[in-house]
Amino acid sequence: MITYWHNPSCSKSRAGLALLEAHGAEVQTRAYLNAPPTIAELKEVLAALNISAVDMMRTGETLFKELGLTKDSAEPDLLSAMSAHPTLIERPIAIAGGKAVIGRPTEALKTLL
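Reference entry: report on the structure contained in this document. (Residues numbered from 1 in each chain as written. Predicted model: local features only at pLDDT ≥ 70, side-chain atom pairs only at ≥ 80, totals over all residues. Heavy atoms only, no water.)

Along the backbone of the protein there are four helices and four strands. What you see in the protein, going N to C, is helices and strands ordered as β-α-β-α-α-α-β-β. Taking 13 Å as the expected radius of gyration for a compact globule of 113 residues, we find that the protein reaches 13 Å, a close match to that expectation. Burial analysis of the protein (113 residues in total) assigns 43% to the buried set. (Helix = DSSP H or I, 4+ residues; strand = E, 2+ residues; numbered from the N terminus. Rg over C-alpha atoms; globule rule 2.2 N^0.38 Å. Buried < 20%, exposed > 50% of the residue type's maximum accessible area, 1.4 Å probe, protein only.)

If you want it as structure tokens, here you go:
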């Protein structure tokens, strides 16, 4: 089972879901904008991605700057911002078996198949 943090308004997110389904993957979508991840969940996904919090963020978003965040902001501040404002989370993210991948490019999702 692949858990897929999905934003149906995003073409990359839709393309990633289509790719997984075309390969017969069993996918459970999570509309993370409506059900934001907790800080604990974010930490788990970051560990599975093996990246830092800033690498999981949409740093080009206006909100990132409006919140006074920078690429050098402390990890707890970045995690709090993503939990409070899930639009800052890079998308899509697929999670399975203790591994995770950001679906940019979409083909990267194949590593979970």
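On we go.
Right, let's talk about the packing of helix 2 (residues 39-49) against helix 4 (residues 75-84) for a bit. Between helix 2 and helix 4, the shortest axis-to-axis distance is 9 Å and the interhelical angle comes to 115°. With respect to helix 4, the axis of helix 2 lies roughly perpendicular. Our pair here, helix 2 against helix 4, has a crossing hand that is right-handed. Residue-level contacts link I39, L42, K43 and L46 of helix 2 to E75, L79, S80, M82 and S83 of helix 4. Of the residues that constitute the contact of helix 2 with helix 4, the class distribution is five nonpolar, two polar and two charged. (Axes fitted to C-alpha atoms, helices over the stretch in contact; angles between N-to-C directions. Parallel < 35°, antiparallel > 145°, perpendicular 65-115°, else oblique. Left-handed = near helix turned anticlockwise from the far one by under 90°. Contact = heavy atoms within 4.5 Å. Nonpolar A, V, L, I, M, F, W, Y, C, P; charged D, E, K, R; others polar.)

Attention now moves to the nonpolar core. Core analysis: the largest hydrophobic core is formed by 22 residues, its most contacted members being W5, V45, M56, M57, M82, I89 and I93. Counting residues in hydrophobic clusters, the runner-up holds 11 residues, among them I2, L20, A25 and A94. (Core = buried A, V, L, I, M, F, W, Y, C linked by side-chain atoms within 4.5 Å.)

Before going further, it helps to examine the environment of H85. Structurally, the position occupied by H85 is in the loop between helix 4 and strand 3 (93-96). C-alpha of H85 to C-alpha of D55: the two residues are 30 residues apart in sequence and 16 Å apart in space. When residues no more than four places from it in sequence are discounted, the contact partners of H85 are L63 and L67.

Looking now at the sheet that holds strand 3. Taking strand neighbours across the sheet as the criterion, the four strands line up as 2-1-3-4 in an open arrangement whose pairing is mixed. On the outer flanks of this sheet lie strand 2 (27-30) and strand 4 (99-102), each paired with one strand and no other. Here the average twist between neighbouring strands, direction ignored, is 20°. Here helix 1 (residues 11-22) sits on the sheet and contacts strand 1 (2-5) and strand 2; the angle it forms with strand 1, its principal contact strand, is near 165°. Lying over the sheet, helix 2 contacts strand 1, strand 2, strand 3 and strand 4, oriented at roughly 85° with respect to strand 4. (Pairing = 2+ DSSP bridges.)

Once that is clear, we can look at the pairing of strand 3. Of the two faces of strand 3, both are covered, the one formed by I93 and I95 as well as the one formed by A94 and A96. Across three bridges, strand 1 lies against strand 3 in antiparallel orientation. If you follow Y4 over to strand 3, its bridge partner there is A94. Two strands pair when backbone bridges link them, and strand 3 and strand 4 are joined in this way by four bridges, in the antiparallel orientation.

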